[in-house]
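Residue-level listing of the chains:
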Amino acid sequence: MSETFGPAFSDRDRPLLSYGLRFTESLLRHADVTFHASRIYVICSASLARNTAYLDELKQGLGNKIAGIRVGLRPHSLWSEILQVVTDARKCDADLIVTLGAGSLTDAAKIVSFALANDVSTPDELDTLCPTSSQKRDGIKPSEVPVVCIPTSLSGGEYSAFAGATNDKTGQKHSFSGALQGPALVILDPELTTTTPDKVWLSTGIKAVDHCVETLCSLQSNQTADEDARRGLAKLIPGLIKSKQNPKDLEARLECQLGARDSMSACTRGVPLGASHGIGHQLGPAGVSHGETSCILNPAVCKYNYKKGANVERQDAIIKALWEDAKAREIFSQGGLVKETADLGDLMDAIIRALGLPRTLKEFGIGEERLESIAVHSLRDRWVQTNPAPLDKEGVLEILRMVLQ
């Protein structure tokens, strides 16, 4: 298979996207031709390093171009670990940062490059780069060392110029943006993703689906974002179902990866999302993973908005598209759904259950006694505030009780 290479998004130069080659071949090619890099710093997932030969393959391919390696970062991108990597990368004068894995690695690498450009080495100095910090410095410089991401999940952070990281001292998660630059290149290799646990692959895929659905459901969307989201949904739904049926189906996995790219293109167009994302942000601290929040909340939020008459026409358009997909139709028939009566929440529920993913808060040990706190915190989230049907505390509680057990 030959390489497909070019901008990931049709209207932006970066990030670049490469697929069709083995990840090592693509990285070696672009380290030389695109970035002219000779001092490469690699951040690799601990599980990939421990359970596969992929890091060894990367080391062998890059040879003496590797200047440093960090294996493993804890979840939520801790400031202390980011600053350790900053120190290492500075010592070896890295001219390219590469991530092999997903999740926290991606955000960490973006912040490492940003910190290097601004001569940051302590938590207090890192705090001055936060847009919301009272200590925010003037004259913040943009990231300089390019970042290349080789992702193994469908979370999509490799396509964005935002990053989140947690201050160890306070436990608070902070967003970094502004002069922070997103990755310069994303390399997709579906074979690499076969090592990702099914639950992670499929649940992050549903998060990407949620990006598409909440874009298409938004009353403030636009034609370009809607087109991105429709393309993403058309790839992700059949791709995820085929991935579940045959985890070694590399064409289906690449289809999912490209669908996640489309979902992120939609998400970067400034369309406000809804309560599935907004309430989901508050389930993370309660122990629900990023992708699983969408598995639990998306169907209930669709039902709530439809019942309130907030976005009926937009939901009906998604329903029509899903019934036209052969793989989705197969799932709906198996679930006994009838085209004339099933709403979007029913269809999403059937897909998520067919993928074997969680659907209730009870599965995470979250009971009625915790709902009040989750609801109160949810109301402060910007995407709860932009949900198609206006939400107060009672509305959020109604949604949460729909998914309690």
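Summary of the structure given here. The residue numbering used here restarts from 1 in each chain and proceeds along that chain's sequence as written. Residue-level local features of this predicted model are given only where pLDDT is at least 70; pairs of side-chain atoms are given and counted only at 80 or more, and the full residue set underlies all totals for whole chains, interfaces and linings. For side-chain calculations, the full set of non-hydrogen atoms in the structure is used, while hydrogens and water are omitted.

**Describing the nonpolar core**
Logical step 1: Counting 37 residues, the largest nonpolar core has Ile206, Val209, Val213, Leu240 and Leu344 as the members making the most contacts within it.
Logical step 2: Only DSSP runs of H or I reaching four residues or more are called helices, and only runs of E reaching two or more are called strands; each is numbered from the N terminus. Sorting the residues of this core by element identifies helix H7 (198–217), helix H8 (223–245), helix H9 (250–267), helix H11 (290–307), helix H12 (312–324), helix H13 (326–334) and helix H14 (344–354) as the ones contributing at least two each.
Logical step 3: Tallying contributions element by element places H7 first for this core, with nine residues.
Logical step 4: Between two residues, a contact is recorded if the distance between any of their heavy atoms is within 4.5 Å. In this view, isoleucine 206 contacts Leu240, Ser294, Cys295, Ile351, Ile352, Leu355 and Leu357; residues no more than four positions away in its chain are not counted.
Logical step 5: Nonpolar core, defined: a set of buried Ala, Val, Leu, Ile, Met, Phe, Trp, Tyr and Cys residues in which side-chain atoms within 4.5 Å join the residues together. The rule is simple: take the accessible area with a 1.4 Å probe, protein chains only, and divide by the maximum for that residue type; under 20% is buried, over 50% is exposed, in between is partly exposed. Counting residues in hydrophobic clusters, the runner-up holds 31 residues, among them Ile43, Ile97, Val112 and Ala163.

**Brief notes about the environment of aspartate 124**
Logical step 1: Mapped onto the elements, aspartate 124 comes out in helix H6 (residues 123–127).
Logical step 2: The spacing of aspartate 124 and aspartate 262 is 138 residues in sequence and 37 Å in space, taken between C-alpha atoms.

**A closer look at the pattern of salt bridges**
Logical step 1: In what follows, salt bridge is the name for a side-chain nitrogen of Lys or Arg lying within 4 Å of a carboxyl oxygen of Asp or Glu. Scanning all chains against the criterion turns up 28 salt bridges.
Logical step 2: With its nearest N and O atoms 4.0 Å apart, the salt bridge here joins glutamate 25 to arginine 29. Taken together, the residues glutamate 25 and arginine 29, both in helix H1 (residues 23–33) and four residues apart, mark about one turn of the helix.
Logical step 3: A relative accessible area of 41% means that glutamate 25 is categorised as partly exposed.
Logical step 4: Each member of the salt-bridge network shares a partner with another, and the members are Asp11, Arg12, Asp228, Arg231 and Arg269.

**With respect to the side chain of threonine 360**
Logical step 1: With respect to the element layout, threonine 360 can be found in the loop between H14 and helix H15 (371–378).
Logical step 2: Here glutamate 363 takes part through its side chain, which lies 2.8 Å from a polar atom of the side chain of threonine 360. In protein, a polar contact requires one atom able to donate a hydrogen and another able to accept it; more generally it is a pair of N or O atoms within 3.5 Å, and residues adjacent in sequence count only if both atoms are side-chain atoms.

**Description of the sheet that holds strand S1 (residues 4–7)**
Logical step 1: Think of it this way: DSSP has to see at least two bridges between two strands before they count as a pair. Strand order in the open sheet formed by seven strands is S1-S2-S9-S6-S5-S3-S4, with mixed pairing between adjacent strands. This sheet does not close on itself; its edge strands, each paired only once, are S1 and strand S4 (66–71). Strand-to-strand, the axes of this sheet are offset by a mean angle of 15°, without reference to chain direction.
Logical step 2: Helix axes use the C-alpha atoms of the stretch in contact, all axes being lines fitted to C-alpha atoms, and the angles between their N-to-C directions lie in the range 0 to 180 degrees. Running over the sheet, helix H4 (residues 79–91) touches strand S3 (40–44) and S4 and is turned about 155° from S3.

**Brief notes about the environment of serine 155**
Logical step 1: By the secondary structure assignment, serine 155 is in the loop between strand S6 (147–150) and strand S7 (163–166).
Logical step 2: Its relative accessible area of 19% is what places serine 155 among the buried residues.
Logical step 3: Spatially, the C-alpha atom of serine 155 lies 14 Å from that of proline 190, the residues being 35 residues apart in sequence.
Logical step 4: Beyond its immediate sequence surroundings of up to four residues, serine 155 is in contact with Gly103, Thr204, His211 and Met264.

**Considering the layout of surface pockets**
Logical step 1: Two kinds of site are reported from a 1 Å grid over the protein atoms alone, namely cavities, where a 1.4 Å probe fits but cannot get out, and pockets, open sets with protein on both sides within 12 Å along at least five of seven lines, and residues are called lining when an atom falls within 4 Å of a point. Grid points are joined across faces, edges and corners, and a volume is the space filled by probe spheres set on the points. Quantified by volume, the second largest pocket comes out at close to 260 Å³.
Logical step 2: Leu216, Arg230, Ala317, Ile318 and Ala321 are, among the 13 residues lining the second largest pocket, the residues nearest its centre.
Logical step 3: Looking at the lining of the second largest pocket, the elements that each hand over two or more residues are H8 and H12.
Logical step 4: The element best represented in the lining of the second largest pocket is H12, accounting for six residues.
Logical step 5: Considered class by class, the residues forming the lining of the second largest pocket number eight nonpolar, no polar and five charged. Amino acids outside the nonpolar list (Ala, Val, Leu, Ile, Met, Phe, Trp, Tyr, Cys, Pro) and the charged list (Asp, Glu, Lys, Arg) are all regarded as polar, and Gly is one of them.

**Focus on empty space enclosed by the protein**
Logical step 1: Within the structure shown, the criterion is met by one cavity of 30 Å³ or more.
Logical step 2: One number sums up the size of the largest cavity: a volume of about 30 Å³.
Logical step 3: As for the largest cavity, its lining consists of Ser153, Leu154, Glu158, Tyr159, Leu188, Gln257 and Ala260.
Logical step 4: Residue composition of the lining of the largest cavity, by class: four nonpolar, two polar and one charged.

**Describing the packing of H1 against helix H3 (residues 54–62)**
Logical step 1: Their axes nearest at 10 Å, the elements H1 and H3 cross at an angle of 35°. The hand of the H1/H3 crossing is right-handed. Here H1 contributes Phe23, Thr24, Leu27 and Leu28 to the contact with H3, which in turn contributes Tyr54, Glu57, Leu58, Gly61 and Leu62.
Logical step 2: Within the contact of H1 with H3, the residues separate by chemical class into six nonpolar, two polar and one charged. The crossing is said to be left-handed when, going from far helix to near helix, the turn is anticlockwise and less than a right angle, and right-handed when the turn is clockwise.

**Examining unusual backbone geometry**
Logical step 1: Here arginine 14 and proline 15 are connected by a cis peptide whose omega angle stands at 0°.
Logical step 2: With respect to the helices and strands, the residue proline 15 is situated in the loop between S1 and strand S2 (16–19).
Logical step 3: Although it is not a glycine, histidine 36 adopts a positive phi angle of roughly 50°.
Logical step 4: Mapped onto the elements of the fold, histidine 36 is located in the loop between H1 and S3.
Logical step 5: Here the phi dihedral of aspartate 93 falls at roughly 50°; this positive angle occurs in a residue that is not glycine.
Logical step 6: Structurally, aspartate 93 can be placed in the loop between H4 and strand S5 (96–100).
Logical step 7: Given the relative accessible area of 48%, aspartate 93 is considered partly exposed.

**Focus on the packing of aromatic side chains**
Logical step 1: Stacked, edge-to-face and tilted labels apply to pairs of Phe, Tyr and Trp rings (six-membered ring for Trp) whose centres lie within 6.5 Å, assigned for plane angles under 30 degrees, over 60, and everything in between, in that order. Tallied over the full model, the rule gives four aromatic pairs.
Logical step 2: Relative to tyrosine 159, the ring of phenylalanine 9 lies with its centre 5.9 Å away and its plane at 45°, an arrangement referred to as tilted. Linking phenylalanine 9 in the loop between S1 and S2 with tyrosine 159 in the loop between S6 and S7, this pair joins segments that are 150 residues apart in sequence. For the residue pair phenylalanine 9 and tyrosine 159, the accessibility class agrees, reading buried in each case.
Logical step 3: For the pair phenylalanine 23 and tyrosine 54, a centre-to-centre distance of 5.7 Å together with 80° between the ring planes defines the contact as edge-to-face. Of this pair, phenylalanine 23 sits in helix H1 while tyrosine 54 sits in helix H3, and the two are 31 residues apart along the sequence.
Logical step 4: Using a relative accessible area of 0% as the deciding quantity, one classes phenylalanine 23 as buried.
Logical step 5: Both a distance and an angle decide whether a charge sits over a ring: NZ of Lys or CZ of Arg must be within 6 Å of the ring centre and within 35 degrees of the ring normal. Above the plane of the ring of tryptophan 201 lies arginine 253, whose end atom (NZ or CZ) is 4.3 Å from the centre.
Logical step 6: Cation over ring: arginine 382 sits above tryptophan 383, and NZ or CZ is 4.2 Å from the ring centre.

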